[in-house]
Every structure is written in C-alpha cells, then in structure tokens.
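Observations on the three-dimensional arrangement
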Amino acid sequence: MSVIRNFVRREPVLLIAALAAIVSCFFVPPDAGYLHYLDFRTLALLYCLMTVVSGLRQAGLFSVLAHTLCRRLSSVRALALLLVGLSFFSAMLITNDVALLTFVPFAVVVLGMADRKRDLIRVVVLQTVAANLGSILTPVGNPQNLYLYSFYDLSMADFLHATLPVWLLSLVLCTALCFTLSSDRLTIFLGEKPHLHTGELVMHALLFCVCLLVVLRVISWAAMLVIVAAVLLVFDRKLLLRADFMLLLTFVAFFVFSGNLARIKAVDRLLRAALSGREYLLSLLTSQVISNVPAALLLSAFTDRAGELLLGVNIGGLGTPIASLASLISLKLYSHSEHAHTLRYLGEFTVINVLLLLLLSLARLVI
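On a predicted model such as this, the values are computed, not experimentally measured, just so you know.

**Here we look at the overall build of the protein chain**
Scanning the protein chain from terminus to terminus reveals 18 helices and 0 strands. Relative to the globule expectation of 21 Å for 367 residues, the C-alpha radius of gyration of the protein chain, 21 Å, shows essentially globular dimensions. Its C-alpha atoms give the protein chain principal-axis dimensions of about 65 × 50 × 50 Å. Counting across all 367 residues of the protein chain, residues that qualify as buried make up 52%. Within the protein chain, contacts between residues at least 6 apart in sequence are counted, and of these 81% link residues at least 24 apart. Of the roughly 16,800 Å² of accessible surface on the protein chain, a fraction of 69% belongs to carbon and sulfur atoms.

Right, dumping it as structure tokens:
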C-alpha cells in the first residue's frame, strides 16, 4: 500500500491522464485509428533529449559551469543574477525541468555555504520562473513546445515569431526581479572544482546536435533514435533507462484521450466553439488546473491557431504550482532543504508568478 501511495503522490498527472484515456475508450472502442493518435516524432525526440541531457549532466558540464562562474561573485544580487540567468538560458536547450534539477540544488548548497539561507526562497522562486519563461523561446525548451512545433508542423521562423517578443520581455522582467535581492557582500568557499569528463562531454554534445537536426527537420526521428540508441548501447547503456518514462506514458495517455475526444462529434463541435477566438485565455486557464503540457496535448486537436495556443500554455506555466510540472520540481527540491519554510515559499511563489502572468498577458496585447 505504501508503494501505491508513493506512486500516486509522485505521478498524479499520469494517473489522471490514464484514467481519462481509459474512460474515453468506452466511447470510442480501440481500433486501428488509435495508432494515428500517437506523435512518434515528439515521443522519440523527448526520449532522446532526456537521455542525452542526462549524459551531459553526468559528464560534469553543468557542475563545472556553475562552479567556475560562482567563483567570481561578490554579492547576493550577483549570485541571483547568475543562478537565474543560468536557469533562463540553459532551459532553452536542456528543458526547464532539467535546468531546475541542475541549478536549484546548486543554489541551495551555495547559499548555505555563504550563510544566506534567508535569501533562498526568493532565489529558487526566481530560478523557477526563469526556467519556465526562458524555455519559451525554442522547440526543445519544454515538452509542450516540442509537441506543438511538431503537431502544427511549424517552421522555426513561425515559432520564433510567436515566442521571441515574450521571451525578450521575460528576460527583462526576470533580471529586474533579481535587483530586489540584497547587494551585501558574499563570501563562498566552493571547494575543489568538479571533474569534467571530456570524452563523455564530446559524445553527448554530438548526440545533442543529432537531436537538433531532427528539430530542424534535417534528418528523420527514426534515424536519430537509431543513432542515439546505438551509440549509448556501446558506450553507456545505463543512460537508456535514465529518461522520464512516466512523462512519456503521460504523453501517450493524453494522445489517446484527445484523439478519442476528436472522434466524438458532439465533443469536437463543443470544444472547437469554446476555443474559437479564446485560445490564449482558455489554454492559460486550463494550464492552471492540469498543467501546461496536458493542456497543450488536449486543446491542440480543436484549434488551428498555433501561436495563440503556444503562448497560452507557456505563459500559463506561471500561476499555480501545478501550472508547470517544472515548478513542482523546484518546490520538492526546496522543501527537502534544511530549515525549509514551505508555506512562505508558496506565498512568495504565488505573488511573483501571478504578477508575471498578468504583466506578460497585458504585454501580449501590444507586442
């Protein structure tokens, strides 16, 4: 029973998605059409990116980068600018959740060493919004971008046309919020520099480039999957099992659920009518309840306004802690730190997220 309870706590979105998919099967009995629901390109890209980024992390790239940069810091504000900047810019390439898994623990350690635990809540909250907003820019920044980029067959130019203005404003806002932190001097002893495994780094960097070639539609997803699997089978087969398979199963469940809904004519007409002209607002609000990845998977089948939906689910990652699954990662990492004040964290998280959500939603009307 304890194993089941722990699984329910860890994977509530997967369970909800699976239940929704199973219920929908009673209305649309399984048939050959189910195979057309699955976006194999998105699933393959997600899997390969997760394994390759895990390899880059294992090679020591992110630890060495953070250690090297932190040695040059002189104040709490400078530390915040660095950690928030790392979360913002790295999320464009390694996804928002991996950015937070990498740099939030580093913030906990560094602020602890500097005896500045009182600043930890603000820094982690800003890292979280930075990762969620920084990931907006690219198709590989987060799972919903990767899916929508593939589902709507967007060109890179069309994608950047929708995301770049919001991304630039987000950079300005995240930077400005870092100046709410103290300029007090900071003394940190980081210890020995982490070791960088050059051979591993080169191998995984090349595999990452292979993944980008699929994003740019230079090679097929099947070729990428074969290359990544073959190389890792030879050099580091353990990485093949490091992907978040629960996230992949969540995608599959929502593919089945949304595919079945689209085949129920009454539901299809209802959702299309509800979304028409309200794609941004409804995708933003839906994200607050079921998080932005499921919202993108569910709503994409009922509208062709890709840009509005793309911005809705990305800006919709702000707001409640469940609006973005990456935000739950930060909450978990912070709550496990020494002397954590989870309620205070949630309060500050909510204030900053709602403020940014409102500012970006207003700005979207004029940019």
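Here the narrative resumes, following the displayed structure.
**Some words on the nonpolar core**
Ranked by size, the top nonpolar core spans 117 residues in total, and within it Met-224 and Phe-251 carry the most contacts. Residues within four places of Met-224 in sequence aside, it is in contact with Ala-44, Leu-45, Cys-48, Val-210, Cys-211, Val-214 and Ile-219.

**Here we look at the packing of aromatic side chains**
Geometrically, a pair of aromatic rings is defined through the distance of the ring centres and the angle of the planes. Evaluation of the coordinates by the stated rule reveals 12 aromatic pairs. Ring geometry for Tyr-34 versus Tyr-37: centroids 4.9 Å apart, planes at 35°, classification tilted. Of the two residues, Tyr-34 and Tyr-37, neither departs from the other in class, the shared state being buried. In textbook terms, an aromatic cluster arises when at least three aromatic residues are bridged by ring pairs, as seen for Tyr-147, Phe-151, Tyr-152 and Phe-255.

**Considerations on helix 6 (residues 96–113)**
With 18 residues, helix 6 ought to run about 26 Å at 1.5 Å a step, and its terminal C-alpha atoms sit 26 Å apart, in line with that. Inspection of helix 6 places Asn-96, Asp-97, Val-98, Ala-99, Leu-100, Thr-102, Phe-103, Val-104, Phe-106, Ala-107, Val-110 and Leu-111 among the buried residues, and these make up the whole buried set. Remark: Asp-115 follows helix 6 within two positions and exhibits a positive phi of approximately 55°.

**A look at the side chain of Ser-283**
With respect to the helices and strands, the residue Ser-283 is situated in helix 14 (residues 279–290). In this structure the side chain of Ser-283 is engaged in a polar contact, spanning 3.0 Å, whose partner is the backbone oxygen of Tyr-280. Contact partners of Ser-283, with chain neighbours within four places excluded, come to Ala-295, Leu-299, Glu-308, Leu-309, Gly-312 and Val-313.

**With respect to unusual backbone geometry**
Of note, Thr-95 is a non-glycine position whose phi angle comes to about 75°, a positive value. Looking at where Thr-95 falls in the secondary structure, it is placed in the loop between helix 5 (76–94) and helix 6. Residue Thr-95 is classed as buried on the basis of its relative accessible area, which comes to 13%. In the Ramachandran plot, Asp-153 falls in the positive-phi region, its phi being about 55° despite a non-glycine side chain. Its place among the elements puts Asp-153 in the loop between helix 8 (143–151) and helix 9 (156–178).

Reading the values: rules and limits
- Residues numbered from 1 in each chain as written.
- Predicted model: local features only at pLDDT ≥ 70, side-chain atom pairs only at ≥ 80, totals over all residues.
- Heavy atoms only, no water.
- Helix = DSSP H or I, 4+ residues; strand = E, 2+ residues; numbered from the N terminus.
- Rg over C-alpha atoms; globule rule 2.2 N^0.38 Å.
- Buried < 20%, exposed > 50% of the residue type's maximum accessible area, 1.4 Å probe, protein only.
- Contact = heavy atoms within 4.5 Å.
- Areas by Shrake-Rupley, 256 points an atom, 1.4 Å probe, with all protein chains shown as cover.
- Core = buried A, V, L, I, M, F, W, Y, C linked by side-chain atoms within 4.5 Å.
- Phe/Tyr/Trp six-rings, centres within 6.5 Å; stacked < 30°, edge-to-face > 60°.
- Expected span 1.5 Å × (residues − 1).
- Polar contact = N/O pair within 3.5 Å; in protein donor to acceptor, adjacent residues only side chain to side chain.

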